[in-house]
Every structure is written in C-alpha cells, then in structure tokens.
Amino acid sequence: MKRRDFIIKSSLAGMALVALPKIYSQDSKITKLQVGNPLRFPPELQEGESLKFNSANVEVWPGTTTQVLALNNSYPGPTIRVQKGDDFSVLFENQFTEEATIHWHGLLVPELMDGQPKDAVQAGSNYTYSFPIIQRAGTYFYHSHAHHLTAKHVYKGYAGFFIIEDDDELQYGLPTGAYDIPLLIQDRHSVYQPQFNYAPNMMDRMLGYLGDIPLVNGTPDAFFDVQKTLYRFRIVNGSNARVYNFGFSDNSQFWIIGTDGGLKDEAVPVSNVFLSPGERIEILYDFSPIDIGNSVSLQSQAFSGIGNQGTLMDILRFDIAGDSSSGGVVPQNLLPIDYYDINDKTGTRTFTLSQAMMGTGMHRINGLTYDMNRIDEVIPFNELEEWKFINSTNNYHPMHVHGVLFQIYSRNGNTTLASNDKGWKDTVLVKPNETVQALVKFIDYSGTYLLHCHNLEHEDDGMMLNIKIDTPTNIEDENTSPNNFELYQNYPNPFNPSTTIKFKLTNAGFATLTIFSLLGTKIETIFAGNKSSGSHSITYTNKSLASGTYIYELKVNGYALRKKMILLK
Ligand SMILES: [Cu+2]
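Residues numbered from 1 in each chain as written. Predicted model: local features only at pLDDT ≥ 70, side-chain atom pairs only at ≥ 80, totals over all residues. Heavy atoms only, no water.

## Considerations on the overall build of the protein chain
(1) Moving on: Helix and strand content of the protein chain: 4 helices and 38 strands.
(2) Moving on: The C-alpha atoms of the protein chain give 25 Å as radius of gyration, which agrees with the globular expectation for 569 residues (25 Å, within 12%).
(3) Moving on: Relative to its full complement of 569 residues, the protein chain shows a buried share of 59%.
(4) Moving on: Pairs at least 24 apart in sequence give 75% of the contacts found in the protein chain among residues at least 6 apart.
(5) Moving on: Accessible area of the protein chain: about 22000 Å², with a carbon and sulfur share of 49%.
(6) Moving on: The averaged location of the 60 negative side-chain charges in the protein chain is 3 Å from the averaged location of its 45 positive side-chain charges. (Helix = DSSP H or I, 4+ residues; strand = E, 2+ residues; numbered from the N terminus. Rg over C-alpha atoms; globule rule 2.2 N^0.38 Å. Buried < 20%, exposed > 50% of the residue type's maximum accessible area, 1.4 Å probe, protein only. Contact = heavy atoms within 4.5 Å. Areas by Shrake-Rupley, 256 points an atom, 1.4 Å probe, with all protein chains shown as cover. Lys, Arg positive; Asp, Glu negative; His and termini not counted. Charge placed at Lys NZ, Arg CZ, Asp CG, Glu CD.)

## Section: the sheet that holds strand β29 (residues 435-440)
(1) Moving on: With mixed pairing, 5 strands are arranged side by side in an open sheet as β23-β22-β25-β29-β27. Whereas interior strands pair on both sides, the edge strands pair on one side only; in this sheet they are β23 (363-365) and β27 (407-411). For this sheet, the mean angle separating the axes of adjacent strands, direction not counted, is 20 degrees. (Pairing = 2+ DSSP bridges. Axes fitted to C-alpha atoms, helices over the stretch in contact; angles between N-to-C directions.)

## Considering a nonpolar patch on the surface
(1) Moving on: On the surface, Met202, Met357 and Met358 cluster together into a nonpolar patch covering about 350 Å² of accessible area.
(2) Moving on: Take Met357: its relative accessible area is 65%, and that puts it in the exposed class. (Patch = residues over 30% accessible without salt bridge, like charges linked within 9 Å, V, L, I, M, F, W, Y side chains within 5 Å. Salt bridge = Lys/Arg side-chain N within 4 Å of Asp/Glu carboxyl O.)

## Overview of the coordination of the copper ion
Around a metal, the idealised angle for a tetrahedral arrangement of four donor atoms is 109.5 degrees; for an octahedral arrangement of six donor atoms it is 90 or 180 degrees.
(1) Moving on: Looking at the metal site, the copper ion is ligated by His397 (ND1), Cys453 (SG) and His458 (ND1), spaced 2.0 to 2.1 Å from it.
(2) Moving on: Mapped onto the sequence, the residues coordinating the copper ion show the spacing H-x55-C-x4-H. His458 matches Cys453 in its accessibility class, with the two residues each being buried. (Donors = N, O, S within 2.8 Å, 3.2 Å for Na, K, Ca; no water.)

## Side note on the domain arrangement of the protein chain
(1) Moving on: Taken domain by domain, the protein chain holds domain 1 (342-469) and domain 2 (485-567).
(2) Moving on: Averaged C-alpha coordinates put domain 1 and domain 2 at centres separated by 36 Å. (Domains from an automatic or database assignment.)

## A closer look at the packing of aromatic side chains
(1) Moving on: Evaluation of the coordinates by the stated rule reveals 39 aromatic pairs.
(2) Moving on: Clustering of aromatic rings is evident, with ring pairs tying together Phe53, Phe88, Phe92, Phe96, Trp104, Tyr127, Tyr129, Phe131, Tyr142, Tyr158 and Phe162.
(3) Moving on: The residue whose ring lies beneath Lys431 is Phe274, and the NZ or CZ to ring-centre distance is 4.1 Å.
(4) Moving on: Note that Lys531 overlies the ring of Phe527, its terminal NZ or CZ placed 4.4 Å from the centroid. (Phe/Tyr/Trp six-rings, centres within 6.5 Å; stacked < 30°, edge-to-face > 60°. Lys NZ or Arg CZ within 6 Å of the ring centre and 35° of its normal.)

Okay, structure coming up:
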C-alpha cells in the first residue's frame, strides 16, 4: 500500500466527518446543500493488519446504531489498495458465530485462496489468504462467499473495496488522489431502518432482496462536496440483487473508462449505464459547467423491470463547493486490449438459466443446483471457448465467473457492444430472455472455480456450478516422449510446502524424479531407484525455495517427461 494514498484518503474521510455548515446565497436550487450525510470512506487496511469478521454496532443513520457484520468494526470493510506485482497476504480471523470466507471478486488467485463455500473458515478459526497480484490495475472488491450465507453476510455489511494500481495507468492523466473516488452502492430496506434485517420472503427469494434506500459507502442520503473539475469515480454494485441504470439528474454526459477488469481501451461518452450486482464501472465526470452552490445527483434512472427493479432512485448528491482543479483529463485512448477472435475458439459451452416455480432450488443453471462436491464442467486450460448464457426467465441474472477475466462477444446476436460490455469482464448481466455470448480463456490457474449468478438470493438458492479448470498439459513434454510411461500434473498446484506427483509405468524400470529451475538448473533429485509397473505417487516438500515456477522431470530408461509446477508462499 502506498502511504501517500492512505494519507489522502484518510484526510478526505476526516474532512467528511467534520463537514461544517456552509452559507450559500438564497438561490432556491441550493436549499438541499448540506442536507443529508457527508459521504463516508472506509479506512484503508494497513500493512500487517488482519481482517477480523464479527458483528458490530456502527452509526449508519445519525444518532442511532445499526448492527452489522463488519470487518475490523468497519462497514464497508477496510479498503485494500495494492500494486500489481505485490505479494498480498492477510490473516482472516473469523470471530463471528458462523462460517465465512473472503472471496476476492474479480481477482485471479489460486483455488485455495478464492474463498469458495467449500473452503469456509469455521467460526472461531483463522486463515491466511496469500497470493501474488498478477493482474492489471482495476476496481475489485471482496465479500463473504459462505454456503447459503453469502446474501445475508453481504446484506448485513460484509463487503469492501480492493483496488489494484499499476504504472501503466499513470500515463493517461486521469484524476488521482482526492479526485479518484470509490463508490460502493447498496440498497437497504426502509421498513427495518435502522437495522439491516435480512428477511427475504418468498417473492424476495424469487426476484432478489430489493431495498428502497440506497447507501453509498454505507452512507444514507449521501452528499459529497466536489470542486468544479474532472473526477474519476469507481462504482461497485455491492447490492444483493438491484440492477442500477446510472445517470445524472440533469442527464449530463459522462465517460466510461473502465469495466470489471480495469481500464478500457477508450473513453466512451454516455448519459446512462446499467450496472448489475458484482459488476464495476469506472467513469469520469466533469463538474466544471455547474456553478458553485448548485448540485447534481447520481441517480438510478427508471427502467421497466420485474418487481421493484427499475424504480428511480437518487443515489448521491454532489454539491459544488469550490473551483480547485484535479488536473485530470479525459484521454482519447486508454490501454490497448487484445480482443479475442471468435474464430480461434476450440469449443462452445452453453449455460441455460432457468427458474422452477417454487421452493428451494428454484434458480438453476443447465437444470442443476449447486453441489459443492460435484464437478459440473471440465474446462481446458489456456484454450479459448465460446460460452453462451441463455436466459429463459423473465428475471435478471448477472453471471459471474471466478478465476478468469473474459470478454463479451455478443448480446442477442448483436456484436456491436455497449461501452460497459466492451473490455475485461468477470460479471455479465444477462437480461430477461437474452442470450449473451462470451469468450473465455483460463490462462492463470488450474483447479476448481465457480460460475454463478451474482443475484445473491439466486446464488444462495443454488444458481451456481463448480467448474474445474484442467491442469496445463504437456507444456514441457519432449518430442521424444516414450509411450510406456506417463507423468501427471502435481496436486495441489500451486503448492506450499507439499505437493504430490503421480506417474505411471507400463513396464518396471529405473526412474529418477528431479526438480529444475525454469532455466534448467538442477535443484534436487526427489527419487532415484527401481519402480515396478503401475501407478506411483511421491510427495514433494520444499520449505526453502522461493515462490516461483519450477520444472519436475521424470526420467525412465533414458527418456524424460517434464511438467511445470508453481510454489506459492
Ligand atoms: Cu440470477
């Protein structure tokens, strides 16, 4: 974490807390100014600080407290800010009475760091999440992903920003520091105010638990004092089920500059944008045309949707308070993106989203509901696939895939994509009766990951599948590979400090198993001796090597097979 950013953000938060009443002219337009609550910002997680999960009483509405599920007594949870290339590590302490996990939404991490329901951290237990930051800058977030508990945990407050920065994005002159503002948008039910009661009825389980009060960074009736200048907003839809149609109260234009997986390749002017649960969008907005003393609001504008989706909501009021400049600009072009070519696909996979009538297990993918012990799809590593999401229901399904950033190819066959569909994605909104084609390639980790609907009521109802990403195969196999013995991918991979290597001999022979660096330097011989025909398994443990990719080689009767493995500390 960069100390500089922390100071800027904490002074910003401090300012907001002690915002003094301001005196403006008698213009009727400004009577709203300073009415409401100054936008809050969660603290930033400090190096070495752990994340403690527990219930806490926090002041959401002034003068009263709300019992939330918090991390470090903060709602939203502490903001995590890292640099690409960092090794991130945090101790998760589950001090609550229910199991929980931390899922790093949008982050490319090894299976056992992904915070899946199968890897829940039991009440009273700790777990260290540790992984390298291997992806580009972007706005990500984290939340609980415990079995049947995700919706409740998130609704009651368990979510926070995870922001990755890198040097690549510095070249575009985007607004920074106090002009680079993360916004977590969530909706809550006024009927239970000031509590966050999670009490979905039958209809809520069908459509999602839709609240009528928008909170921004946990702030109701939020306002934010801005300068007459350009701002960057990083918007996270952390709602359980609500789809927003973001726009400004005067219908003014803004620019979309980023999607789920970071910056787009161009800044696209729009006047509204849809954002479904789990999705993020980064925008630039210029307040300079608005006079000091006036205000403009970020809204969710009305659209026709099932249930209470699509109602007009005022989300966040911006009060123009000064004319300092951010010095930021709207860049013409941003980071180039290599778009996949659908002609390079090696296969097509179809996911039909359906809804049964009543009861549990209403929401399904390919007729299935989630079984954590069942693998539903085996996906080849490093191969481009076309995934078709066919929504046969009249509801919204934001489909989220773990372990990958993908690209959208078409919506109902139309390959001219909306600006928020074009770019790197981990969640895509599939609207009622729509078919969305995506191009998906897993290039980072093998193992079991998840595909699910990010309407959290649908997810907890079982609208989720286990997908198993095949191990990278034959990466280092030599051309002279014999056909009378086989070497398998180690498991687990990545590993620390132990992993199992399996191989199979058709005939008995003298076998050696050796570890090499990527550059071919021999590190150690794990085994050398006679082996009978059949399957063998050898456990390899290493506590001294640095994190990295290594090669293991099996040699039998002068022939060699090699594979790569990853040590991750
Ligand atoms: Cu859904």
